[in-house]
Amino acid sequence: MKLEIVSPKGSVFDGEADSVLFPGLMGDFMILPNHAPLLAVLSKGAIRIEHNGETRLVEVTGGVVEVVGSAIQVCTD
């Protein structure tokens, strides 16, 4: 999946992901390939990006995530 995370300061992450775990307002949720379209609000926490057996964490204080097709776009502050 294509994942793009942006903030007012610019691009935070732009690359591929096998799975992404987000800190949602109602708890953590994971996006996997072929996920249904989704629009969700993020809470403070870490976005966990898994790709090719490697893990990367991106700390956020909130934001919005949109999933459409095989693309995930995140706007954070």
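Criteria and thresholds
- Residues numbered from 1 in each chain as written.
- Predicted model: local features only at pLDDT ≥ 70, side-chain atom pairs only at ≥ 80, totals over all residues.
- Heavy atoms only, no water.
- Helix = DSSP H or I, 4+ residues; strand = E, 2+ residues; numbered from the N terminus.
- Buried < 20%, exposed > 50% of the residue type's maximum accessible area, 1.4 Å probe, protein only.
- Pairing = 2+ DSSP bridges.
- Contact = heavy atoms within 4.5 Å.
- Patch = residues over 30% accessible without salt bridge, like charges linked within 9 Å, V, L, I, M, F, W, Y side chains within 5 Å.
- Areas by Shrake-Rupley, 256 points an atom, 1.4 Å probe, with all protein chains shown as cover.
- Salt bridge = Lys/Arg side-chain N within 4 Å of Asp/Glu carboxyl O.

A. Representation of unusual backbone geometry within the structure. Here N34, not a glycine, exhibits a phi torsion of approximately 65 degrees, which is positive. Mapped onto the elements of the fold, N34 is located in the loop between strand 4 (27-31) and strand 5 (38-42). Here the phi dihedral of N52 falls at roughly 50 degrees; this positive angle occurs in a residue that is not glycine. Under the relative-accessibility criterion, N52 is labelled exposed at 60%.

B. View of the pairing of strand 8 (residues 63-68). Burial along strand 8 is one-sided: G63, V65 and V67 are buried, and none of V64, E66 and V68, which face the opposite way, are. Here strand 5 pairs with strand 8 via 5 bridges, running antiparallel. When the bridges of strand 8 are listed, L39 appears paired with E66. Where strand 8 folds back on strand 9 (residues 71-76), the antiparallel hairpin that results is connected by 2 residues, among which G69 adopts a positive phi of roughly 60 degrees.

C. The environment of I72, seen in detail. Along the chain, I72 falls in strand 9. Residue I72 is classed as buried on the basis of its relative accessible area of 1%. Measuring from C-alpha to C-alpha, the distance between I72 and L39 comes to 9.9 Å, with 33 residues separating the pair along the chain. In this structure, I72 is in contact with M1, K2, L3, E4, V20, F22, I31, V65, E66 and V67, ignoring residues within four places of it in sequence.

D. Geometry of a nonpolar patch on the surface. There is a patch of nonpolar side chains on the surface, built from L25, M26, L39, V41 and V64 and spanning about 580 Å² of accessible area. For V41, the location among the structural elements is in strand 5.

E. Main features of the environment of V58. Relative to the assigned elements, V58 resides in strand 7 (residues 54-60). On the accessibility criterion, V58 (6% relative accessible area) is buried. Discounting chain neighbours no more than four positions away, the residues touching V58 are I5, V12, G45, A46, I47 and I49.

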